[in-house]
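Analysis of the macromolecular model
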Amino acid sequence: MRIGELAARSGVSVRALRYYEEQGLLEANRSDSGQRHYPESAVDRVQLIQMLYAAGLSSRTIAELLPCVEAKVSTPESRARLAAERDRIDTQIAALTRTRDRLDAVIAFSGSPDSGCTWIADPHVPAQASHFASRDRNG
């Protein structure tokens, strides 16, 4: 398949696919005219690359891990690298959870008469529904 079709099927821009190729994450065969052609398996590979990027892995880390994933070879080094990445993600999740909890506290406090904030009702929410929603959030 050509690069445009791979982009459409994988939900990734053509520019991103070219970048993946530059980084050694994706390979294309070239036609005599220089057009890129990808195997059917490239769709799954691109989706895996996207998942790994979304998890915060760098292109270097992805390049190191992809051969192990595709060959279905698990080495102590690859397992250690994956575990380290998982731990890094767990740390980010914990930090985001703390941030969300603090925001919840600020939201709850700002809805309280003790906050000193001027409370302006949402014009799109009936007063009774707004009252019940704040009561449900605050217990």
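Structure shown above.
The model shown is predicted, which means the values in this text are computed figures rather than measured ones.

**A look at the environment of Val69**
Relative to the elements of secondary structure, Val69 occurs in helix H4 (residues 59-71). What makes Val69 partly exposed here is its relative accessible area of 41%. In sequence terms Val69 and Leu48 are 21 residues apart; their C-alpha atoms lie 9.9 Å from each other.

**A word on helix H2 (residues 14-22)**
Residues Ala16, Leu17 and Tyr20 constitute the buried set of H2. For H2, the buried positions fall inside an angular range of 100 degrees around the axis, keeping them on one side. Along H2, the residues that are exposed and aim more than 90 degrees away from the buried face are Arg15 and Glu22. Gly24 lies just past H2 and shows a positive phi near 80 degrees.

**Side note on the packing of H4 against helix H5 (residues 76-110)**
Orientation of H4 relative to H5, taken along the N-to-C sense of each, is 130 degrees, at an axis distance of 10 Å. Between H4 and H5, the interaxial angle falls into the category oblique. The handedness of the crossing between H4 and H5 is left-handed. In contact with Thr61, Glu64, Leu65 and Cys68 of H4, H5 contributes Ser78, Arg81, Leu82 and Glu85. Within the contact of H4 with H5, the residues separate by chemical class into 3 nonpolar, 2 polar and 3 charged.

Criteria and thresholds
Residues numbered from 1 in each chain as written. Predicted model: local features only at pLDDT ≥ 70, side-chain atom pairs only at ≥ 80, totals over all residues. Heavy atoms only, no water. Helix = DSSP H or I, 4+ residues; strand = E, 2+ residues; numbered from the N terminus. Buried < 20%, exposed > 50% of the residue type's maximum accessible area, 1.4 Å probe, protein only. Arc of directions from axis to C-beta. Axes fitted to C-alpha atoms, helices over the stretch in contact; angles between N-to-C directions. Parallel < 35°, antiparallel > 145°, perpendicular 65-115°, else oblique. Left-handed = near helix turned anticlockwise from the far one by under 90°. Contact = heavy atoms within 4.5 Å. Nonpolar A, V, L, I, M, F, W, Y, C, P; charged D, E, K, R; others polar.

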